[in-house]
Amino acid sequence: MNASITRKLLPFCGLALAFLAPAAGADAGRYKLLHNFSGNGDGAQPWDTPIEDRAGNFYGTTLTGGANKWGTVFKITPRGAVTVLYSFCSRQNCPDGQLPHAGLIADKAGNFYGTATYGGNAAGQGVVFKLAPDGTETVLYSFAGSPDDGQYPYGGLIMDKKGNFYGTTVAGGPDNDGTVFKLAPDGTETVLHSFTNSAGDGEEPMGSLVADKHGNLYGTTQVGGGAYGLGIVFKLTPEGKETIFHTFAGAPSDGGEPGAGLIMDSAGNLYGSTWTGGANNMGSVFRLAPDGTETILHSFAGPPVEGRSPVGGLTMDKSGNLYGATYYGGANDSGTVFQLAPDGSATVLYSFCQEQNCADGGWPVAAPIPGKCDCLYGMTDTAGEYQDGTVYKLK
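Residues numbered from 1 in each chain as written. Predicted model: local features only at pLDDT ≥ 70, side-chain atom pairs only at ≥ 80, totals over all residues. Heavy atoms only, no water.

1. Things to note about the overall build of the chain
Phase 1 of the analysis: Secondary structure summary: the chain contains one helix and 39 strands in total.
Phase 2 of the analysis: Over its C-alpha trace the chain gives a radius of gyration of 19 Å, about what one expects of a compact globule, namely 21 Å for 395 residues.
Phase 3 of the analysis: Considered along the principal axes of its C-alpha atoms, the chain spans approximately 55 × 45 × 30 Å.
Phase 4 of the analysis: By the burial criterion, 59% of the 395 residues in the chain qualify as buried.
Phase 5 of the analysis: In the chain, the share of contacts with a sequence separation of at least 24, taken over all contacts with a separation of at least 6, comes to 45%.
Phase 6 of the analysis: Treating the 23 positive side-chain charges of the chain as one cloud and the 37 negative ones as another, the clouds have centres 11 Å apart. (Helix = DSSP H or I, 4+ residues; strand = E, 2+ residues; numbered from the N terminus. Rg over C-alpha atoms; globule rule 2.2 N^0.38 Å. Buried < 20%, exposed > 50% of the residue type's maximum accessible area, 1.4 Å probe, protein only. Contact = heavy atoms within 4.5 Å. Lys, Arg positive; Asp, Glu negative; His and termini not counted. Charge placed at Lys NZ, Arg CZ, Asp CG, Glu CD.)

2. Things to note about the state of the cysteines
Phase 1 of the analysis: As enumerated under the stated definition, the model contains three disulfides in all.
Phase 2 of the analysis: Bridging C89 to C94, the disulfide has an S-S length of 1.4 Å. In this structure, C89 and C94 share a single accessibility class: buried.
Phase 3 of the analysis: Between the sulfur atoms of C353 and its disulfide mate C358 the distance is 1.9 Å. With the S-S bond torsion at 110°, the cross-link from C353 to C358 turns out right-handed. You'll find C353 and C358 in the same group, each marked buried.
Phase 4 of the analysis: Disulfides within the chain link the bonded cysteines, taken in sequence order, as 1-2, 3-4, 5-6. (Disulfide = S-S within 2.5 Å.)

3. Here's the deal with the pairing of strand β7 (residues 72-76)
Phase 1 of the analysis: Most of β7 is tucked away, with four of its five residues classed as buried.
Phase 2 of the analysis: Relative to β7, strand β5 (residues 58-62) is paired through five bridges, and the arrangement is antiparallel. Its bridge partner being in β7, Y59 is matched across the sheet by K75.
Phase 3 of the analysis: In terms of strand pairing, β7 meets strand β8 (residues 82-87) through five bridges, oriented antiparallel. Note that in β8 the partner of I76 across the bridge is V82.
Phase 4 of the analysis: Where β7 hands over to β8, the hairpin turn is made up of five residues, of which G80 adopts a positive phi near 105°. (Pairing = 2+ DSSP bridges.)

Quick look at the structure:
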């Protein structure tokens, strides 16, 4: 199974972290605004990390906006020129999907694949879609919902070498606590696991999955997990047998409520972030070894310097640095971009809302992605000139 089509994951060695603040004004010098989403014709509210092609162009989704106000797939060049490739809800009653929270993956032929949280069949419980290079959208699967199927996919997809897709739904299944699904190239869907929040199982998986070389799937649930109720990390065999890999216990010794998926290095270590928990109950970044041993790599301290409450996941560059975003915190409590280096140091690269009326963006959900230009590209969920989000570049 090959999850690297979404993003390449490289080795990282985490150490105990010590926070380092940038020099005054240094983060502002790194920042460049590339695009303001307006919601009128183009998209609004980009949520997930974009992907990059060989030419340095980026592709992503917006939750709302576009021609029909229900989200888009877009392309942005390194200089910031945006093209809307598809506007959702282009058909009556939105059978093509609406409100795509997750990002995209791509195949070698240039087709994009993703999920939309709503729309699809008459119940509107979400879709898996394909977007061809010419802009033609095909619905590969419409979710049917509880009790036999999942509903409302918030996370994205991964694809194996045989062309099977894997993903999660935040609800659906017999107990309406969410599912993990497999979608074959012929459109046949299999529910690999239905969460029950019993015997320590989690509920509400919101993030994408990651796979190891044996085809085992790993992911998170935002809540559930027995007495704590603060979420789990789970492992599923290719046949769907579940193991509870970690149960979050919350502050002060553990994280809590992971809303995003995981990344994996070549040694099989997993990395992720949590919305709450950590030493200050403002969120954390954690590592899970292949034997399940957890290390809290960083506990966020909040404003006025640090961020708090990361919503999205993490990315990694070729040097082993981890990158992410916090939804709140920083100098203006409007979110930050942070870096965790292999030597254990953490740095706030940018605090949002430095400009009047937050023209530079604010409240980022998506983790930034290292680009080919020795820089980071990222997006904010809101703020900017039209209060509909931004695309930015950090040197």
